Amino acid sequence: MVSPLTGPILTAADMRAAEGAAVAGGTPLATLMDRAGRAVADAVLRYAHGRDTLILCGPGNNGGDGYVAARLLQEAGHPVRVAALGEPRTDLAKAARARWTGAVLDPAQCARAPVLVDALFGTGLGYMMRLVRKGPQTGEGDEHTPGGPGQKRTPARPLSAADDGHEAKTASLSKED
């Protein structure tokens, strides 16, 4: 019997704070991406028992984590495929993609797998949900806040009643909603 993974489950805000503290302490983001990808690969090797694994990669650094995991799984001889929503958009994700030597499939065209790894959006999911709900916005802004970091925002609102109180599963909506 395989023992379960242990450790805390972090909200999106907790994860951003932990990452910020690590970077402030001198750990490069590339090192954090390598560690995240290695942790995912280790978990797949531990629990998948050699079953085909499909990693879904998004355009940001979470997708980069997925490319790192895929590369490490491939190097370990584990059957792994990657499907991506598009080309990586961050320098770190681009570098991780460049180190993955396998094909990158269209998610709509690839076959199912018994093991699925979600490396799509990470803590940027709230931003993506705003885009889905409102469409892309114009104006200056950072990658997480359409219209800029100074844009007025309402408190996070759950995507569904089942998600109430779980910040990691909420979308923070702009005041125009």
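Whatever comes next refers back to the structure up there.
Residues numbered from 1 in each chain as written. Predicted model: local features only at pLDDT ≥ 70, side-chain atom pairs only at ≥ 80, totals over all residues. Heavy atoms only, no water.

Here we look at the pairing of strand β1 (residues 53-57)
- With five of five residues buried, β1 lies mostly within the body of the structure.
- Alternating residues of β1 divide into Thr53, Ile55 and Cys57 and Leu54 and Leu56, and every residue in both groups is buried.
- Bridge analysis of β1 against strand β2 (residues 80-84) gives five bridges, and the strand direction is parallel. The residue of β2 that forms the bridge with Leu54 is Arg81.
- As a crossover connection, the stretch from β1 through helix α3 (residues 61-75) into β2 is right-handed. (Buried < 20%, exposed > 50% of the residue type's maximum accessible area, 1.4 Å probe, protein only. Helix = DSSP H or I, 4+ residues; strand = E, 2+ residues; numbered from the N terminus. Pairing = 2+ DSSP bridges. Right-handed = clockwise from strand over helix to strand, strands pointing away.)

Points about the packing of helix α2 (residues 29-47) against α3
- At a minimum axis separation of 7 Å, α2 and α3 run at an interaxial angle of 50°. In terms of orientation, α2 lies oblique with respect to α3. The interaxial crossing formed by α2 with α3 has right-handed handedness. Taken together, the residues of α3 that come into contact with α2 (itself represented by Met33, Asp34, Ala36, Gly37, Arg38, Val40, Ala41, Val44 and Leu45) are Asn61, Gly64, Asp65, Val68, Ala69, Arg71, Leu72 and Leu73.
- Among the residues forming the contact of α2 with α3, the class breakdown is ten nonpolar, three polar and four charged. (Axes fitted to C-alpha atoms, helices over the stretch in contact; angles between N-to-C directions. Parallel < 35°, antiparallel > 145°, perpendicular 65-115°, else oblique. Left-handed = near helix turned anticlockwise from the far one by under 90°. Contact = heavy atoms within 4.5 Å. Nonpolar A, V, L, I, M, F, W, Y, C, P; charged D, E, K, R; others polar.)

Description of the nonpolar core
- Grouped together as the largest cluster of nonpolar side chains are 20 residues, with contacts concentrated most on Ile55 and Tyr67.
- Put simply, the parts of the chain that give this core at least two residues each are α2, β1, α3, β2 and β4 (115-119).
- Residue contributions to this core peak at six residues, all from α3.
- Residues in contact with Ile55, not counting those within four places in the same chain, are Gly66, Ala69, Ala70, Leu73, Val80, Arg81, Val82, Ala83, Val117 and Ala119. (Core = buried A, V, L, I, M, F, W, Y, C linked by side-chain atoms within 4.5 Å.)

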